[in-house]
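# Tertiary structure, described
Letter by letter, the chains look like this.
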Amino acid sequence: MFHRYRLGSGSSARIVAAAALTAAFGIPITGPGVAAATGSELSAPILPCEVSTFQALVSPDVTITTATKLATPAPAVSYCQVNGFVETHGPAPTTNHVNFMVALPDAFGGRYYYLGEGGSAGFVPSPTAVLLRQGYTFAGSDGGSPSPGVDYSFGWDRTKGFDWGHRGVHVATVTTQLITRKYYGIGNDKHESQKHDLYRYIDGCSGGGRMGNVEALLYPDDYDGVIAGAPGINTNNILFFGRVAKFLLDNPDAWIPPATINQLSDAILAKFDGSDGALDGLVSDPTKIKVDLESLGIAFTPAQLQTLKLMTRGLNSFGQTYPGYTLSNPIGWSGFIIGLFPPTSWVANPATRPAGYLVFDSASRGLFGPGFDFTTDMDFNNPVQVNAWHSTWEQTFVGSGTADPAGLDRFRREGGKILFWQGVADNGITVTDTLRYYKQLVES
């Protein structure tokens, strides 16, 4: 069963999405995004919290580095935190370490939670105290990436790219679920979840939403429930960042200063605030925004109008497409895609580059080598280069290319449930593409 939620952006959307767990997954909620276990479900560990204990449980490619008894801040809950790594091999002639963590509360409610990280992952998350207090096992990993933030240059090592693409989350999932089962004595393998001895959820936004969707597509036995917020499921999302950055570098007079973008936002809000039925300073339904940009009374130059049309129409180059962004929150374009500073400063001063520039630049170096400079080496008017960028991403970050929603059918047949949510004002991943994916899912 698949559920669709179109929500606002930010923390409020995460709270609403988490609250939707009640309807989607049948989990009682006692706080924002927190599911509680009933007293009758609580279990105590049957094994000691020691490195040697866990090392004896796992496969030979797993190394347990620490196992430590800790406690959350007050109200204190005691738990065992296990840290380690899975050693992976290939497809390059290199090895990699997927670092993981799992926190195991003394009072366990039969639920396992994995936090999927956004962007390029690259770090092991810390457990959330409130979830531990409610009896959750809390797990996470760096996804096999060495680079936190939005740095994808590690993909030049194809083993690391392969791990970030799909293998890293899977091997960390298998290991931490095995540890969970053995620690509490609740089964012998992951398939025991069919007897409801362990309910397993993965939750994340953007790159974390991508992780959940990939798990459901490629490893449908890993999880019972997936929360995929604003999932990064389209290779051309990043290709579009590069298209905008290169257009502005080549046409610096087309850059739109933040003050002018703010004028655009104010004009849209004045015209369409009530179109969604509420005068609340938001346009929560961007489909209501139908406007001729030239008619807004803002002194856009012809070159700036080209930028606006590029942003709203999206990418359509030699068969590579990506839908445009809505006008419901253009203010966010400045920091993320168009830039807070003029493009004449971007090459010489990295601190002035927008996030989209950084994402595309690091991804391109990951695909074509550390010396690749898209500002001089990428020609968006060359169909061979455009299509090569797309195909090289798909081959490098295997599993995390353009997702086919039809592949979720096995996850559905296995009884899995997935909840998609998306901020309509998201300036990294457009809601238009998430809705496109959902529509294809419904029709598949």
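An account of the accompanying structure is given in this report. Position numbers for residues count from 1 along each chain, tracking the sequence in the order it is written. For a predicted model such as this one, the threshold for reporting local features is a pLDDT of at least 70, and the threshold for listing and counting side-chain atom pairs is 80 or more; totals across whole chains, interfaces and linings nevertheless cover every residue. Note: side-chain values were computed over all heavy atoms of the structure, leaving out hydrogens and water.

### Remarks on the overall build of the protein
Basically, it comes down to this: Secondary structure counts use DSSP, requiring at least four H or I residues in a row for a helix and at least two E residues in a row for a strand, with both numbered from the N terminus. Exposure is judged per residue with a 1.4 Å probe applied to protein chains only, and the accessible area is read against the type maximum: over 50% gives exposed, under 20% gives buried, and values in between give partly exposed. Residue exposure ignores everything except the shown protein chains as possible cover, and the areas themselves are Shrake-Rupley values with a 1.4 Å probe.
Helix and strand content of the protein: 15 helices and 13 strands. By the burial criterion, 55% of the 444 residues in the protein qualify as buried. Here the protein has roughly 17500 Å² of accessible surface; of this, 55% comes from carbon and sulfur atoms.

### Thoughts on the state of the cysteines
For clarity, the cut-off: In this description, a disulfide is simply a cysteine sulfur pair whose atoms lie within 2.5 Å.
Tallied over the full model, the rule gives one disulfide. Two residues share a disulfide in this structure: Cys49 and Cys80, whose sulfurs sit 2.0 Å from each other. As the torsion about the S-S bond is roughly 80°, the Cys49-Cys80 disulfide counts as right-handed. Taken together, the residues Cys49 in the loop between strand 3 (34-35) and helix 3 (51-55) and Cys80 in strand 5 (residues 78-89) connect sequence positions 31 residues apart. We note that Cys49, like Cys80, is buried.

### Section: the packing of aromatic side chains
Worth spelling out the cut-off: Geometry of aromatic contacts follows a simple scheme: Phe, Tyr and Trp rings, the Trp one being its six-membered ring, pair when their centres are within 6.5 Å, and the pair is stacked under 30 degrees between planes, edge-to-face over 60, tilted otherwise. Note on geometry: a ring has a charge over it if NZ (lysine) or CZ (arginine) is within 6 Å of the ring centre and within 35 degrees of the ring normal.
Per the counting criterion, the structure on display carries 26 aromatic pairs. Between Phe240 and Tyr325, the ring centres sit 6.0 Å apart and the planes meet at 20°, which makes this aromatic pair stacked. One end of the pair, Phe240, is in helix 7 (residues 236-250); the other, Tyr325, is in the loop between strand 12 (320-323) and helix 10 (331-338), and 85 residues separate them in sequence. The exposure classification of Phe240 matches that of Tyr325, with both residues buried. Each ring, one from Phe360 and one from Phe380, has its centre 5.9 Å from the other, and the planes form 40°; the classification is tilted. Here Phe360 is found in helix 11 (residues 355-368), whereas its partner Phe380 is found in the loop between helix 12 (374-377) and helix 13 (383-396), with 20 residues between them in sequence. Here Phe360 matches Phe380 in class, with each residue buried. Joined through ring pairs, the aromatic side chains of Tyr152, Phe154, Trp164, Trp346, Tyr357, Phe360, Phe374, Phe380, Trp389, Trp393 and Phe397 make up one cluster. The residue whose ring lies beneath Arg210 is Trp164, and the NZ or CZ to ring-centre distance is 3.7 Å.

### Re empty space enclosed by the protein
Note the following rule: Points on a 1 Å grid over protein atoms alone make up a cavity when a 1.4 Å probe fits among them but cannot get out, and a pocket when they form an open set with protein on both sides within 12 Å along at least five of seven lines; lining residues each have an atom within 4 Å of a point. Grid points are joined across faces, edges and corners, and a volume is the space filled by probe spheres set on the points.
Applying the stated criterion across every chain, the model contains three cavities of 30 Å³ or more. Of the volumes computed, that of the second largest cavity is approximately 40 Å³. Contributing to the lining of the second largest cavity are Tyr325, Thr326, Ser328, Asn329, Trp333, Val424, Ala425, Asp426, Asn427, Thr430 and Val431.

### Considerations on unusual backbone geometry
Look at the link from Ala74 to Pro75: it is a cis peptide, with omega at -5°. For Pro75, the position within the fold is in the loop between strand 4 (62-71) and strand 5. Residue Gly90 is joined to Pro91 through a cis peptide bond whose omega torsion reads 15°. Inspection of the secondary structure assignment puts Pro91 in the loop between strand 5 and strand 6 (95-105). Look at Ser206: it is not a glycine, yet its phi comes out positive at around 60°.

### Comments concerning the packing of helix 5 (residues 158-184) against helix 6 (residues 207-218)
Stated formally: Note on method: axes are straight lines fitted to C-alpha atoms, helices fitted across the in-contact stretch only, with angles between N-to-C directions ranging 0 to 180 degrees. Small angles under 35 degrees read as roughly parallel and large ones over 145 as roughly antiparallel, with 65 to 115 read as roughly perpendicular and the rest as oblique. In this analysis, two residues are considered to be in contact whenever any of their non-hydrogen atoms come within 4.5 Å of each other. For this classification, Asp, Glu, Lys and Arg are treated as charged, while Ala, Val, Leu, Ile, Met, Phe, Trp, Tyr, Cys and Pro are nonpolar and the rest, including Gly, are polar.
Between helix 5 and helix 6, whose axes approach to 10 Å, the crossing angle comes to 80°. In terms of axis orientation, helix 5 runs roughly perpendicular to helix 6. Mapping the contact onto sequence places Trp164, Gly165, His166, Val169, His170 and Thr173 in helix 5 and Arg210, Met211, Val214, Glu215 and Leu218 in helix 6. Across the contact of helix 5 with helix 6, the residue classes break down as five nonpolar, four polar and two charged.

### Observations concerning the environment of Arg412
Our working rule: Pairs of N or O atoms within 3.5 Å make up the polar contacts considered here, provided that, within protein, one atom can donate a hydrogen while the other can accept it, and that residues adjacent in sequence are counted only when both atoms are side-chain atoms.
In this structure, Arg412 sits in helix 14 (residues 409-413). Here the alpha-carbon distance between Arg412 and Leu217, two residues 195 residues apart in the chain, equals 10.0 Å. Among the polar contacts made by the side chain of Arg412, one reaches the side chain of Asp409 at a distance of 2.6 Å.

### Here we look at the side chain of Asn96
Tracing the backbone through its elements, the reader meets Asn96 in strand 6. Overall, the relative accessible area of 7% leaves Asn96 in the buried class. At a separation of 2.8 Å, a polar atom in the side chain of Asn96 contacts the side chain of Asp163. Not counting chain neighbours up to four residues away, the residues in contact with Asn96 comprise Val86, Glu87, Thr88, Gly144, Thr159, Lys160 and Asp163.

### Thoughts on the packing of helix 5 against helix 13
Their axes nearest at 8 Å, the elements helix 5 and helix 13 cross at an angle of 80°. With respect to helix 13, the axis of helix 5 lies roughly perpendicular. Packed against helix 5, whose contacting residues are Arg158, Gly161, Phe162 and Trp164, the element helix 13 presents Thr392, Trp393 and Thr396 at the interface. Looking at the contact of helix 5 with helix 13 residue by residue, the classes come out as three nonpolar, three polar and one charged.

### So, the pattern of salt bridges
As a reminder, the rule being used: Think of a salt bridge as a Lys or Arg side-chain nitrogen and an Asp or Glu carboxyl oxygen that are within 4 Å of each other.
Under the criterion given, the structure shown has 12 salt bridges. Residues Lys160 and Asp157 are paired through a salt bridge, measuring 3.2 Å at the closest nitrogen-oxygen approach. One salt bridge in this structure joins Arg412 and Asp409, with 2.6 Å as the shortest N-O distance. With Arg412 and Asp409 both in helix 14 and three residues apart, this pair spans about one turn of that helix. Here Arg412 falls in the partly exposed class, since its relative accessible area comes to 39%. On the basis of relative accessible area, Asp409 is assigned to the partly exposed category, the value being 31%. Taken together, the shared-partner salt bridges connect Asp409, Arg412 and Arg413 into one network.

### Side note on the pairing of strand 5
As a reminder of what qualifies: What makes two strands pair is DSSP finding at least two bridges between them.
Relative to strand 5, strand 4 is paired through nine bridges, and the arrangement is antiparallel. Note that in strand 5 the partner of Thr63 across the bridge is Phe85. Connecting strand 4 to the antiparallel partner strand 5 that follows it, the hairpin turn spans six residues. Hairpin geometry of strand 5 and strand 6 is characterised by an intervening segment of five residues between the two adjacent antiparallel strands and by a positive phi of about 75° at Gly90.

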